[in-house]
Every structure is written in C-alpha cells, then in structure tokens.
Amino acid sequence: MEAALKLARHHTKRKYFIAFYGGFHGRTYGAMSLTASRVIQRQYFGPFLPVVHVSYPNPYRPFGFKTETCDVDVIRYIEEEIFPMEVSPDEVAAIVVEPIQGEGGYIVPPRPFLKRLREICDEHGILLIVDEVQSGCFRTGTFLASEQFGVVPDIVCLSKALGGGFPLGVTVASDEVMSWPPGSHASTFGGNNVACAAGLAALTVMDKPGFGDHVTEMGEYMTAKLLSLQKRHDLIGDVRGMGLMIGAELVRNRTTKELAKQERSRILNEAFRRGLTMLPAGESVIRFCPPLVIEKQHIDTGMEILDKSFEMLQPMPAV
Ligand SMILES: Cc1ncc(COP(=O)(O)O)c(C=O)c1O
C-alpha cells in the first residue's frame, strides 16, 4: 500500500487521496491514513496524509438509505460534494478501494460501483488503486475480485495468500504507471528469495486448471448452507459474499438491524470451544474465509458446529 501511494503521487504529481469509511489498508503511516475502519487504529497517531474519506456503498446499511441506489449515491456525493467543496479532482492522485470490504464487514458493493469509480478516475486523470490484499489470489473465484466487477485498476496491491504463508506483498502496475526510476522505491527485504520462491509455488497451485471454479463451487455451497442456517436462526440478518469471501451479519432484530456484538463474541467463542476458528469483521459480522482447497465435507462439519453454537446461545435482552 505504501508503494502504491508513493507511486500514485510520483506518477500524477498530485497530493490527495480518496478512500472509504470501513476500509482497512494497513497500519503503516500511509496505509493508516487510508484506513478508517476502527478508530483505535488511528487514535493519537495523526496527523495523516491528506485523505478524504467517503462512505462505502453497503447494500445492507446504505448511505442515503436506499439499497438500490447506494452506489450511485456515493458516486454523486464524490462528484457533487467532495469535488466542488473539499478537494479539486485535479489534486487527487488516486482513489483507493477494496473491491469487497474485508475488515470493514465483508461488504459486497453493488456490481456497477467499481465501474463508476473507474469512470470518475478516467474523467479526471485520477489513478484507481484496488487493494486486493484480502480479496485477491482467487479468494472470490477469480484471480482478482475486480475482474468480476469488470474493472482494470491502474495499481493493484496483493499479499496474504500470495506468499503461501510467507510475508510477501506486491504492488502491480503497467509500465506506463510504474515509470519511476530505480531508487525511487525499495526495501531491505523486498523481493526476499525465500518468500518469492514460496510465492511462485503458491501461484503454481493457483494456476492449476479449475482452481477458481472450485472456489466458486465451494462458495456457493457454503452460502447455501449459511442461508439455510439463516432460516433457523433469527440472529443472522444478512448473508453475502463472493466465492469463499462470505460474511454473515448478526442483528438482534431484523427490522431495526440492531447490532448483535455480544452475541457474535459468544458465538465465536462457543464455536472455537467446539473446534471451529472464525474471525469477526466489522461490528457484528462473522467472516468465512476458509482455505481455498476446502471440500464439502469440511464445510458440513463447520456448519454443524456453527449451528450448534447458535443453538447454545441464550437470547440477550433487547436494549
Ligand atoms: C484489504 C487489506 N489491505 C491491507 C491490509 C494490510 O496488511 P498488513 O497489516 O499486513 O499491512 C490488510 C490486512 O488485513 C487487508 O485486509
């Protein structure tokens, strides 16, 4: 992410960035300036790089209150409020976005959203940086999630699965964008031989024919299981995702969508006690991002444990 920010500034000679609330891009200074998912990650660390944050189009909790137009509303906000009132587009180096918000709550934006961002970027000479650190490497069924949104970014950031467990992150751009001279950017362990060898091995596995199809198939299987759990447990307000990047948002009441934070902790603890490790995301979401080589029988086992964990949960008094 640091390389992406530096590259965008170097290439455009502009200073500002636009990023999204709920976004998580890391905790180093540049990345932290973009990150706006939990205040604890920013508290007492400012001032930051000049980043203007806008709402992310969350169909379940829409900015502008309408699910159907939540992406258009965000785009209009950028064009009609940010650009005329806060920062001129010709000072914006890049818009930085996660195609699916990860830490922010496994939020899948409406399909046209990324294309609309691409259009704004093209119109104003702004670069589109897509953070695929979590969503990339076939997590959603294709190598990049942005492929499924029909968008080619100017700069892509990849990591996590890329190194097959070794610390490896890459910043990818065309020759035209990555035109800075040697010495503009480097780091001691960048291009570490062992991590790169692990990365090549991981890419060889991902390259196998049908790898992405397996992810899509398992993702559909797991989503169907979660949707049937949703019928049995009122606490599950929403199930959404792409491939094996799936989130289940827990609410105390499906109409008011009151967050079920404590219930989520108790479910996660109960499931852990029974042998299933899951991570939270956002304020009351459980994230499902299993290994991509998972098979149906593993999903069945996990879902049985999850079902039992929901059954064990005593209802909490409404606040
Ligand atoms: C989308 C995304 N970008 C960037 C990062 C930052 O990774 P790191 O903390 O290793 O810098 C993460 C980590 O979870 C992430 O999910």
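See the structure printed just above.
Residues numbered from 1 in each chain as written. Predicted model: local features only at pLDDT ≥ 70, side-chain atom pairs only at ≥ 80, totals over all residues. Heavy atoms only, no water.

1. Concerning the side chain of E132
Consideration 1: Looking at the element boundaries, E132 is found in the loop between β4 (127–131) and α5 (145–148).
Consideration 2: Comment: no salt bridge for buried E132; closest opposite-charge side chain is R139, at 9.9 Å.
Consideration 3: Within polar-contact distance, the side chain of E132 engages the side chain of S146 at 2.6 Å.
Consideration 4: Sequence-distant contacts of E132, that is, excluding residues within four places in its chain, are made with P99, L144, A145, S146, V156, C157 and L158. (Helix = DSSP H or I, 4+ residues; strand = E, 2+ residues; numbered from the N terminus. Buried < 20%, exposed > 50% of the residue type's maximum accessible area, 1.4 Å probe, protein only. Lys, Arg positive; Asp, Glu negative; His and termini not counted. Salt bridge = Lys/Arg side-chain N within 4 Å of Asp/Glu carboxyl O. Polar contact = N/O pair within 3.5 Å; in protein donor to acceptor, adjacent residues only side chain to side chain. Contact = heavy atoms within 4.5 Å.)

2. Some thoughts on the packing of helix α3 (residues 70–85) against helix α4 (residues 113–124)
Consideration 1: Where α3 contacts α4, the axes come no closer than 9 Å and their chain directions differ by 25 degrees. Comparing the axis directions of α3 and α4 gives the class roughly parallel. For the pair α3 and α4, the sense of crossing is right-handed. In this structure, α3 uses D71, V72, V74, I75, I78, E79 and F83 to contact α4, whose residues at the interface are F113, R116, L117, I120, E123 and H124.
Consideration 2: Looking at the contact of α3 with α4 residue by residue, the class counts come to eight nonpolar, one polar and four charged. (Axes fitted to C-alpha atoms, helices over the stretch in contact; angles between N-to-C directions. Parallel < 35°, antiparallel > 145°, perpendicular 65-115°, else oblique. Left-handed = near helix turned anticlockwise from the far one by under 90°. Nonpolar A, V, L, I, M, F, W, Y, C, P; charged D, E, K, R; others polar.)

3. Regarding α4
Residues spaced three or four apart along an α-helix point in a common direction, a consequence of the helix completing one turn every 3.6 residues.
Consideration 1: In this model, α4 (12 residues) spans 17 Å end to end at C-alpha, consistent with the 16 Å of a helix rising 1.5 Å per residue.
Consideration 2: Elements in contact with the buried residues of α4: β1 (16–20), α3, β3 (92–97), β4 and α5.
Consideration 3: Positive phi shows up at G125, right after α4, with a value of about 65 degrees. (Expected span 1.5 Å × (residues − 1).)

4. Here's the deal with the sheet that holds β1
Consideration 1: Spatial ordering of the open sheet is given by β2-β1-β3-β4-β5-β6, a layout of six strands whose pairing is mixed. The open sheet terminates on both sides in strands that have one partner only, identified here as β2 (51–54) and β6 (170–173). Taking each pair of neighbouring strands and ignoring which way they run, the sheet shows an average axis angle of 20 degrees.
Consideration 2: Where β3 lies against β4, four bridges are found, and the strand directions are parallel. Considered in β4, the bridge of A94 is made with L127.
Consideration 3: Packed on one face of the sheet, α4 meets β1, β3 and β4 and runs near 175 degrees to β3. (Pairing = 2+ DSSP bridges.)

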